[in-house]
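A structural walkthrough
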Amino acid sequence: MKIVFATNNAHKLAEVRAVLGEGFELVTLREVGITEDIPETGATLEENASQKARYVYERTGLDCFADDTGLEVEALNGAPGVRSARYATDGHDFAANNRKLLDELQGEDNRRARFRTVISLIRGGEEQRVEGIVRGSIALTEAGCGGFGYDPLFIPEGYDVTFAEMSANEKNSISHRGRAVAELVKVLNGR
Ligand code: IMP
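This section reports on the structure supplied with the text.

1. Details of the pattern of salt bridges
- What the rule picks out here adds up to twelve salt bridges.
- Asp68 is the salt-bridge partner of Lys52, the closest N and O atoms lying 3.8 Å from each other. Within this pair, whereas Lys52 is found in helix H2 (residues 45–60), its partner Asp68 is found in strand E3 (residues 64–73), the two being separated by 16 residues in sequence. The same class applies to Lys52 and to Asp68, which are both buried.
- Notably, a salt bridge pairs Arg116 with Glu131, separated by 2.9 Å at the nearest N-O pair. Here Arg116 is found in strand E5 (residues 112–123), whereas its partner Glu131 is found in strand E6 (residues 126–138), with 15 residues between them in sequence.
- The exposure class assigned to Glu131 is partly exposed, which follows from its relative accessible area of 38%.
- Salt bridges linked by common partners bring Glu46, Glu72, Arg114, Arg116 and Glu131 together as one network.

Have a look at this one:
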């Protein structure tokens, strides 16, 4: 069965392909002729994931899914959350985002945080949502050079290293996205 993943991110595509059963042919936005940026104007991760999935469904009529991820910091009332990519600037400036996060948390004892990924799946016109969460805390300084985004600052619960200090496999096996994808696969395979 053909299913569109609303992404052109090769890394995300490979991750989902690796866990999806043989019965699914995963195709990208480019492969279905969507080359423009899909609007992401929602106030929540849920709204953004739905907005992207619906956009694809309306244009292609194909089964599809879209994801949205945010880092939610307890002491910052859930910020940067849906604004994670554009926390410090309008661009995806990871270094500036990390500096801002450390500044906002200066002197703060409660450093609890979680990454949350929401996936919206549209099958036969029906929408379903799954999510994946990994809890952890924000380090006092950056450590590690793997991964991307907030990885050098995020220490998952039960570990004493950041995501950026882990191998990609180790991170994927416990990450928000890995968990959301595992939930998606269960739904797609009817489990
Ligand atoms: P997206 O919805 O996957 O594009 O993620 C939005 C933003 O959240 C990214 O630009 C990153 O700043 C942050 N982010 C998402 N996933 C991760 C991750 O696995 N590690 C670190 N930061 C992430």
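2. Side note on empty space enclosed by the protein
- Within this structure, the stated rule accounts for one cavity of 30 Å³ or more.
- If you trace the largest cavity, you find it lined by Phe5, Val16, Phe65, Asp67, Ile119, Arg177 and Val181.
- Of all elements in the fold, only E3 and helix H5 (176–188) reach the threshold of two or more residues within the lining of the largest cavity.
- Of the residues in the lining of the largest cavity, the class split is five nonpolar, no polar and two charged.

3. Here we look at the nonpolar core
- Counting residues in hydrophobic clusters, the biggest one holds 17 residues, and the most contacted among them are Leu26 and Phe65.
- Of all elements in the fold, only strand E1 (2–5), helix H1 (10–19), E5 and H5 reach the threshold of two or more residues within this core.
- It is H5 that contributes the most residues to this core, six residues altogether.
- In contact with Phe65, other than residues within four places in its own chain, are Ile3, Val4, Phe5, Ala6, Val16, Leu26, Ile119, Ser120, Leu121 and Leu184.
- Within the second largest apolar cluster, 16 residues are counted, among which are Ile138, Tyr150, Met166 and Ile174.

4. A few points about the environment of Ser137
- Within the secondary structure, Ser137 sits in strand E6.
- Sequence separation between Ser137 and Phe148 is eleven residues; the distance between their C-alpha atoms is 17 Å.
- For Ser137, the contacting residues outside a window of four places in its chain are Arg111, Arg112, Ala113, Leu153, Phe154 and Ile155.

5. Things to note about the site of the ligand
- Around the ligand, the structure places 15 residues, and the nearest of them are Lys12, Thr69, Asp151, Lys171 and Arg177.
- Between Asp68 and the ligand, the recorded distance is 3.1 Å, taken from a side-chain N or O atom to an oxygen atom.
- Asp151 is positioned such that a nitrogen or oxygen atom in its side chain is 2.6 Å from a nitrogen atom of the ligand.
- For the ligand, whose free accessible area comes to 470 Å², the fraction covered by protein is 90%.
- Of all elements in the fold, only E3 and H5 reach the threshold of two or more residues within the shell around the ligand.

6. Some details on the pairing of E3
- Across the ten residues of E3, nine count as buried, placing the element largely inside the fold.
- The pairing of E3 with E5 spans ten bridges and is classified as antiparallel. Bridged to Glu72 within E5 is Arg114.
- Two elements, E3 and strand E4 (residues 80–81), share two bridges in a ladder whose sense is antiparallel. Looking at E4, one finds that Leu71 is bridged to Gly81.
- Hairpin connection, E3 to E4: the antiparallel pair is bridged by six residues, and Asn77 has positive phi, about 50 degrees.

Conventions and cut-offs
- Residues numbered from 1 in each chain as written.
- Predicted model: local features only at pLDDT ≥ 70, side-chain atom pairs only at ≥ 80, totals over all residues.
- Heavy atoms only, no water.
- Salt bridge = Lys/Arg side-chain N within 4 Å of Asp/Glu carboxyl O.
- Helix = DSSP H or I, 4+ residues; strand = E, 2+ residues; numbered from the N terminus.
- Buried < 20%, exposed > 50% of the residue type's maximum accessible area, 1.4 Å probe, protein only.
- 1 Å grid on protein atoms, 1.4 Å probe; cavity = no way out; pocket = protein on both sides within 12 Å on 5 of 7 lines; lining within 4 Å.
- Points joined across faces, edges and corners; volume = space filled by probe spheres on them.
- Nonpolar A, V, L, I, M, F, W, Y, C, P; charged D, E, K, R; others polar.
- Core = buried A, V, L, I, M, F, W, Y, C linked by side-chain atoms within 4.5 Å.
- Contact = heavy atoms within 4.5 Å.
- Near = heavy atom within 4 Å.
- Polar contact = N/O pair within 3.5 Å; in protein donor to acceptor, adjacent residues only side chain to side chain.
- Areas by Shrake-Rupley, 256 points an atom, 1.4 Å probe, with all protein chains shown as cover.
- Pairing = 2+ DSSP bridges.

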